[in-house]
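# Inside the fold
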Amino acid sequence: QVQLVESGGGLVQAGGSLRLSCAASRIIFFGGHNFAWYRQAPGKQSELVAVITSGGDTNYADSVKGRFTISRDNTKKMVYLQMNSLKPEDTAVYLCNTKRDGDYWGQGTQVTVSS
């Protein structure tokens, strides 16, 4: 069963940057998977933040376009989310997800942006 482990969250001031990482294990063909980052803020619905396909195509929520960048390293089986110009409304638990051969989620990493 695929395992995803997120890291890199923390407390940052508005305007700052963080880089989130998602490490995949027990995955047969990492390069064939699309990956996504979601976020869950208290009292709000889960939001799809960014997607990267197996071919490297990317897509972003309007709320993060121009500020966040999703990337992947197939040799390391890693997915990243570079977050710049952070805003207090970016505060949430960020989760990594892949849906090939099942629906797999990590435990999430907390991002808190102070004003």
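It should be noted that the structure appears before, not after, this text.
What comes next is a walk through the structure. From a predicted model like this one, the values you see are computed outputs, not experimental measurements. (Residues numbered from 1 in each chain as written. Predicted model: local features only at pLDDT ≥ 70, side-chain atom pairs only at ≥ 80, totals over all residues. Heavy atoms only, no water.)

Inspection of every chain in the model, using the stated rule, returns 2 aromatic pairs. On the numbers, 4.9 Å between centres and 55 degrees between planes, the contact of Tyr38 with Trp105 is tilted. Within this pair, whereas Tyr38 is found in strand β4 (residues 35-40), its partner Trp105 is found in strand β10 (residues 104-105), the two being separated by 67 residues in sequence. Of the residues examined, Trp105 reaches a relative accessible area of 39% and is grouped as partly exposed. The residue whose ring lies beneath Arg19 is Tyr80, and the NZ or CZ to ring-centre distance is 3.9 Å. (Phe/Tyr/Trp six-rings, centres within 6.5 Å; stacked < 30°, edge-to-face > 60°. Helix = DSSP H or I, 4+ residues; strand = E, 2+ residues; numbered from the N terminus. Buried < 20%, exposed > 50% of the residue type's maximum accessible area, 1.4 Å probe, protein only. Lys NZ or Arg CZ within 6 Å of the ring centre and 35° of its normal.)

Strands pair in a sheet through their backbones, by hydrogen bonds, and they do so in one of two ways: parallel or antiparallel. Spatial strand order, β1-β3-β8-β7: 4 strands in an open sheet with antiparallel pairing. The open sheet is flanked by β1 (3-7) and β7 (68-73), the only strands paired with a single partner. Here the strands of the sheet are splayed against their neighbours by 15 degrees on average, with no regard to which way each runs. The pairing of β1 with strand β3 (residues 18-25) spans 5 bridges and is classified as antiparallel. Each residue of the ladder has a partner; that of Glu6, found in β3, is Cys22. (Pairing = 2+ DSSP bridges. Axes fitted to C-alpha atoms, helices over the stretch in contact; angles between N-to-C directions.)

Interpretation in functional terms is not warranted from these geometric data alone.
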